[in-house]
Amino acid sequence: MTLTLDNRSQNKESSLTQALRQIQQLNSKIQELEQQHLSYVQKQQNLIPAIAEICISPIQEVQALRILIYRGEAACRQYLRSVLVKQSQASKTTTEQMKKPTLDKRAKNRGFLQKSKK
């Protein structure tokens, strides 16, 4: 009978030890996941000022935030890069359009001045 009780107590002790070990492993995994989550949140929060700075319209800001929330940091950075490229292209186009009319006006003025001299 003593042997049976000893055997049962050892089984209980070993199952308690196993349970304790599993709890420790789970706690370790929870800490690791919490750290990953904090890192993820920090990266997202770092993008918010960039979104405010890069996006010209509220619609672009909302779109960037949606992408950040639903598709993640990398997709949001890609969207912001595309916004910057479009802004750069629009700026070049606007600059070119501003230069052309100036040249056209000068040519017209020269033509007018030449006609008036004759």
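This text gives an overview of the structure that appears in the document. (Residues numbered from 1 in each chain as written. Predicted model: local features only at pLDDT ≥ 70, side-chain atom pairs only at ≥ 80, totals over all residues. Heavy atoms only, no water.)

**Considering the overall build of the protein**
- Assigned secondary structure in the protein consists of three helices and zero strands.
- Counted from the first residue to the last, the protein has its helices and strands arranged as α-α-α.
- In the protein, which comprises 118 residues, the proportion classed as buried is 13%.
- Contacts spanning at least 24 positions in sequence make up 47% of the contacts within the protein whose residues lie at least 6 apart.
- Accessible surface computed for the protein: about 10400 Å², of which carbon and sulfur atoms make up 56%. (Helix = DSSP H or I, 4+ residues; strand = E, 2+ residues; numbered from the N terminus. Buried < 20%, exposed > 50% of the residue type's maximum accessible area, 1.4 Å probe, protein only. Contact = heavy atoms within 4.5 Å. Areas by Shrake-Rupley, 256 points an atom, 1.4 Å probe, with all protein chains shown as cover.)

**As for the nonpolar core**
- Grouped together as the largest cluster of nonpolar side chains are 12 residues: Leu-47, Ile-51, Ile-54, Cys-55, Ala-64, Ile-67, Leu-68, Ala-75, Cys-76, Tyr-79, Leu-80 and Val-83.
- Secondary structure elements with two or more residues in this core: α1 (2-54), α2 (58-71) and α3 (73-117).
- It is α3 that provides the largest number of residues to this core, a total of five residues. (Core = buried A, V, L, I, M, F, W, Y, C linked by side-chain atoms within 4.5 Å.)

**Brief notes about the pattern of salt bridges**
- This structure, assessed with the given rule, holds two salt bridges.
- The closest approach of N and O atoms between Lys-29 and Glu-32, which form a salt bridge, is 4.0 Å. Taken together, the residues span about one helical turn, with Lys-29 and Glu-32 both in helix α1 at a distance of three residues.
- On the basis of relative accessibility, which here comes to 43%, the residue Lys-29 falls in the partly exposed class.
- The exposure class assigned to Glu-32 is partly exposed, which follows from its relative accessible area of 39%.
- For Arg-77, the salt bridge identified is with Glu-73, shortest N-O distance 2.9 Å. With a gap of four residues between them, Arg-77 and Glu-73 both fall in helix α3, about one helical turn apart. (Salt bridge = Lys/Arg side-chain N within 4 Å of Asp/Glu carboxyl O.)

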